[in-house]
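Reading the structure
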Amino acid sequence: MTSSETNTTTSMPGTSAPDPAELTAWFDAHARDLPWRAPTTTGWGVLVSETMLQQTPVRRVQPVWEEWMARWPRPSDLAAATQAEVLRAWGKLGYPRRALRLHEAASVIATEHGDVVPAEVDALLALPGVGTYTARAVAAFAYGRRAPVVDTNVRRVVARAVHGAGDAGPPAPKRDLADVEALLPADDARAAKMSAALMELGQTVCTVRSPACEACPISHDCAWQHAGRPAYAGPPKKVQRFAGTDRQVRGRLLDVLRGADGPVTREQLDAVWNDAGQRDQCLDSLLTDGLMEQTQDGRFALPGES
DNA sequence: CACGCGTGGGG
DNA sequence: TCCCCAAGCGT
């Protein structure tokens, strides 16, 4: 058992296959106690958490998720709220279009799925704001289905443990899915736990900057370790600028509306950005996106409150 | 398919 | 400080 020379599961030079039993045992012992992982959490609770967690860190999501579950415990509860209420409750999680899509999804679930979040990947994919990651995450984490879950963390774990690379290259959806598919046990329950374990490992141990390989349950069987932990050699990652972008301007404009009790004047919005052209363009795009609306007297408000 | 979409924290 | 990023999705 101490031999790292003999790898019985290797099918290609320089690759390894993490042992599901080791990974899931580690998960049972070390997984963070996140509220949406409680056994009592419904499919709705999981869908809300996964949507909020798209590009937003756990620490910021957690308190908001608690509020949402207390306020809107079922899809029909959220569906009954106004868009303005939903956007205010979303707060500063970012990418507020997610909140509107979740609101729409809640209506669909309430009217077409008996107020129960579907368990089938195809049905989940048909919901607004639910893509390949979220659909599989809900199927696996809420319903214990065997559904390969591929996010940025899993891609990194696979890149290292299986392929021996320093990090994942650009997404290659088909190949990424096949890679994870090949790692999952055949039965639903263990496959679902394996999916959760791969994500957790990437988030807490196999991190981008400073991986804690000494704490990793599969380091003995990691192709990256065996290769001497070579640096990432793929194409440079795209850097998202923020300062000065429309994204920043839209964020400021929307923040004014979130902080107001009702409609605000154009002058109040003009105050948050000095470039009038960019400001007006962002105002237009927010109206187009349904994130704000204009009242008859020319003021601006969150949708559904005027 | 590359890009645009918020926000705040850590190295 | 600045830069990179954190459980993606839709177009």
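All values reported here derive from a predicted model rather than from experimental measurement.

Quick notes on the side chain of His103
Within the element layout of this structure, His103 appears in helix α6 (residues 97-112). The contacts of His103, once residues within four sequence positions are left out, are Leu78, Ala79, Ala81, Thr82, Gln83 and Val86.

Focus on the protein's contact with DNA strand C
DNA strand C sits among 26 residues. The nearest are Gln55, Gly129, Thr134, Asn153 and Gln203. Sugar and phosphate atoms form 68% of the subset of DNA strand C atoms that lie within 4 Å of the protein. Going through the elements one at a time, α8 (132-143), α9 (152-162) and α11 (188-204) are the ones with two or more residues in the surface near DNA strand C. Among the elements that make up the surface near DNA strand C, the one with the highest residue count is α8 (3 residues). Its residues placed into classes, the surface near DNA strand C shows 11 nonpolar, 9 polar and 6 charged.

Quick notes on the pattern of salt bridges
If the charged atoms of two oppositely charged side chains come close together, the side chains can form a pair. Scanning all chains against the criterion turns up 18 salt bridges. A salt bridge links Arg97 to Asp289; the shortest N-O distance between them is 3.9 Å. Within this pair, whereas Arg97 is found in helix α6, its partner Asp289 is found in the loop between α15 (276-288) and β1 (293-294), the two being separated by 192 residues in sequence. What makes Arg97 partly exposed here is its relative accessible area of 40%. Between Asp176 and Arg175 there is a salt bridge whose closest N-O contact spans 3.9 Å. The network of salt bridges with common partners includes Arg32, Arg37 and Glu200.

With respect to the UniProt feature "domain: HhH-GPD" (unreviewed entry) in chain A
In the numbering adopted here, UniProt assigns the feature "domain: HhH-GPD" (unreviewed entry) to residues 52-204. Between the end C-alpha atoms of residues 52-204 there is a gap of 19 Å, over a span that is 65% helix and 0% strand.

Looking at the packing of aromatic side chains
Applying the stated criterion across every chain, the model contains 3 aromatic pairs. Taking 4.8 Å as the distance between ring centres and 80° as the angle between the ring planes, the aromatic pair formed by Trp68 and Trp72 counts as edge-to-face. Summarising the burial analysis for this pair, Trp68 and Trp72 share the class buried. Relative to Trp90, the ring of Trp68 lies with its centre 5.8 Å away and its plane at 70°, an arrangement referred to as edge-to-face. Pair noted here: Trp68 is in helix α3 (residues 58-71) and Trp90 is in helix α5 (residues 83-90), with a separation of 22 residues, a long-range link. Of the two residues, Trp68 and Trp90, neither departs from the other in class, the shared state being buried. By way of ring pairs, the aromatic residues Trp68, Trp72 and Trp90 are connected into one cluster. Positioned above the aromatic ring of Trp224, the side-chain terminus of Arg160 is 4.4 Å from the ring centre.

Thresholds, definitions, all that
Residues numbered from 1 in each chain as written. Chains lettered and ligands numbered in written order. Predicted model: local features only at pLDDT ≥ 70, side-chain atom pairs only at ≥ 80, totals over all residues. Heavy atoms only, no water. Helix = DSSP H or I, 4+ residues; strand = E, 2+ residues; numbered from the N terminus. Contact = heavy atoms within 4.5 Å. Near = heavy atom within 4 Å. Nonpolar A, V, L, I, M, F, W, Y, C, P; charged D, E, K, R; others polar. Salt bridge = Lys/Arg side-chain N within 4 Å of Asp/Glu carboxyl O. Buried < 20%, exposed > 50% of the residue type's maximum accessible area, 1.4 Å probe, protein only. UniProt positions renumbered as here; feature names shortened; annotations may be inferred. Phe/Tyr/Trp six-rings, centres within 6.5 Å; stacked < 30°, edge-to-face > 60°. Lys NZ or Arg CZ within 6 Å of the ring centre and 35° of its normal.

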